Amino acid sequence: MSLLKVEGLSTHFITRDIDNQRRVARALTDVNFALDTGRVLGIIGETGAGKSLTAQSICGLLKPPARIVGGRVTFDGQELTSMSPDALNRLRGSQIALVVQNPRSSLDPLARVGDQLVRIHQAHGRHSRAASRKRALDMLAAVGIPDPEGRARAWPHELSGGMAQRVLIAMALMNDPRLLIADEPTTGLDVTVQAQILDLLRNLVQRFGMAMMIITHDLGVVAHYCDEVAVMFAGTIVESGPVKRIFSAPGHPYTRALIGATPERRRVGQGGAQIGGEPPDLYNLPSGCPVRLRCAYATEVCASPPPERVMTPGHVVRCHHAGDLDARGSVA
Ligand SMILES: Nc1ncnc2c1ncn2[C@@H]1O[C@H](COP(=O)(O)OP(=O)(O)O)[C@@H](O)[C@H]1O
Ligand SMILES: [Mg+2]
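Quick summary incoming for the structure in this document. The structure presented is a predicted model; accordingly, all values stated were derived computationally and were not measured. (Residues numbered from 1 in each chain as written. Chains lettered and ligands numbered in written order. Predicted model: local features only at pLDDT ≥ 70, side-chain atom pairs only at ≥ 80, totals over all residues. Heavy atoms only, no water.)

This part covers the sheet that holds strand E3 (residues 40-44). The strand order across the open sheet formed by 8 strands is E6-E7-E8-E3-E9-E10-E12-E11, and the pairing between neighbours is mixed. Because the sheet does not close on itself, it has two edges, and the strands there are strand E6 (96-99) and strand E11 (308-312). Each strand of the sheet is rotated relative to its neighbour by a mean of 20 degrees, with strand direction disregarded. For E3 and strand E9 (residues 228-233), the ladder comprises 4 bridges, and the chain directions are parallel. Looking across to E9, one finds that isoleucine 44 is bridged to valine 231. Sheet strands touched by helix H1 (residues 51-59): E3, E6, strand E7 (179-183), strand E8 (211-216) and E9. Its angle to E8, the strand with the most contacts, is close to 145 degrees. Of the strands in this sheet, E6 and E7 are in contact with helix H7 (residues 161-173), which crosses E6 at around 170 degrees. (Pairing = 2+ DSSP bridges. Helix = DSSP H or I, 4+ residues; strand = E, 2+ residues; numbered from the N terminus. Axes fitted to C-alpha atoms, helices over the stretch in contact; angles between N-to-C directions. Contact = heavy atoms within 4.5 Å.)

Now the structure itself:
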C-alpha cells in the first residue's frame, strides 16, 4: 500500500461575480498519483499549473474560495479529505511536513530559532523541554548547520537565505514526519546552496525513511534528485512515472516539448526556456485535453477527455495519441 495516494482530486475556485453569477476556475482536474516510503516524487510544470495547489489540497491548507470538489487523498490508510480540521492539523506538522518557498516568511521574526523548533515539538507531543531542546539541536546538526547551539540562539533575521531554508527543514523534521512536501524549496537561492539543500533533502529521505514530494519548475532538479515525476499542465497530470523512463521515452507531446526545450538545467516558464503559448484560462478550459490548443498532434478526438494510458508499469500518459507520436514536433 502506498503511503500517499491521490485519486481523482479536483479543486476549484468558486466565486460570484458582481452580477451574482457563479464563476468556477477549475484549478485541479482529476489528479492521480501515489508515493511510497523511501521515494522522491518531483512535480513539475510551469507557473500556474497547479503544483502548489496540489500540495495545499493534500495538506488541507486550501483557503477559500478554493475547495476540493472531488476525489480523495489517503495517507497511510487514513482518508485526509474527510478528516476533521483538528485531526488534519495534528497530522500536519507531525506526520506530514511542508517546507515552503521563502523561508523568511515562514519563520517567526520575534522568536529565536531554537525556541521555534522547541515550540513545534511541544505542540505535537508530550515532551520535556529538555528533550525538545536536545531534539532541536540534533535536527539543526542533521541539516548541516554548524554550531547548532549558537544558531539556536540566533534570530531569523541573522540567518542567510540558505541557513534559513535549512532551519525550515530542521523544523519540518522535528516531529519525525513520514511525508515531506517541499514546495520550490530552493528557488531564489544561489546554485551552490540549491545543490547543497537538495542533496540534503535527498539524503534525509534515506536516513529517516520518509517519502518526499519536491515541487519544482526546474527539470534539472527532477533529473538529479527524483525517482518519479509527475508533469502538470493546467491542473492535470499529463504524464507520470519513473524519471529515467520519462526522460528517455516521454509519451506525452507536452513532456516531449519540455524535455526537448531543456537539454540542461533550464527552467519551465519562469524566464527560462518557456514553451510558447499562453496557459489556458482556468475559468474557461477547453473540453477534453487541456493541451490540445497548443499541440501539433491534436485531432477531433482530443476534444474528449483523454484516458490514462499505461505505457509500461508505472508510466502513465494522459493522451489520445500516446504511443504513436512521430517526429512532427510537439507542443508549440
Ligand atoms: N483565488 C483564486 N481564484 C482563481 N484562481 C486562482 C486563485 N488563486 C490561484 N488561482 C490559480 O490557481 C492556479 C494554480 O496555482 P498554483 O498551484 O499556485 O500554481 P503553481 O504552484 O504550479 O505555480 C493558478 O493558475 C492560479 O492563477
Ligand atoms: Mg507554486
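Following the structure, the description resumes.
Our next topic: the pattern of salt bridges. Overall, the coordinates contain 11 salt bridges when judged by the stated rule. In this structure, glutamate 79 and arginine 72 form a salt bridge, with 3.8 Å as the shortest nitrogen-oxygen distance. The closest approach of N and O atoms between aspartate 227 and arginine 202, which form a salt bridge, is 3.3 Å. Here aspartate 227, found in the loop between helix H9 (219-225) and E9, pairs with arginine 202, found in helix H8 (residues 191-208); they are 25 residues apart in sequence, far enough to count as distant. One salt-bridge network, held together by shared partners, links Glu7, Arg72 and Glu79. (Salt bridge = Lys/Arg side-chain N within 4 Å of Asp/Glu carboxyl O.)

In this section: the site of ligand 1. Around ligand 1 sit Phe13, Glu46, Thr47, Gly48, Ala49, Gly50, Lys51, Ser52, Leu53, Leu282 and Tyr283, and those are all the residues in its vicinity. A distance of 2.8 Å is found between an oxygen atom of ligand 1 and a side-chain nitrogen or oxygen belonging to lysine 51. One of the backbone N or O atoms of leucine 53 is found 2.8 Å from an oxygen atom in ligand 1. When isolated, ligand 1 has an accessible area of 580 Å², and the protein chains bury 65% of it. When residues of the shell around ligand 1 are assigned to their parent elements, the largest contribution, 3 residues, is made by H1. Tallied by class, the residues present in the shell around ligand 1 amount to 5 nonpolar, 4 polar and 2 charged. (Near = heavy atom within 4 Å. Polar contact = N/O pair within 3.5 Å; in protein donor to acceptor, adjacent residues only side chain to side chain. Areas by Shrake-Rupley, 256 points an atom, 1.4 Å probe, with all protein chains shown as cover. Nonpolar A, V, L, I, M, F, W, Y, C, P; charged D, E, K, R; others polar.)

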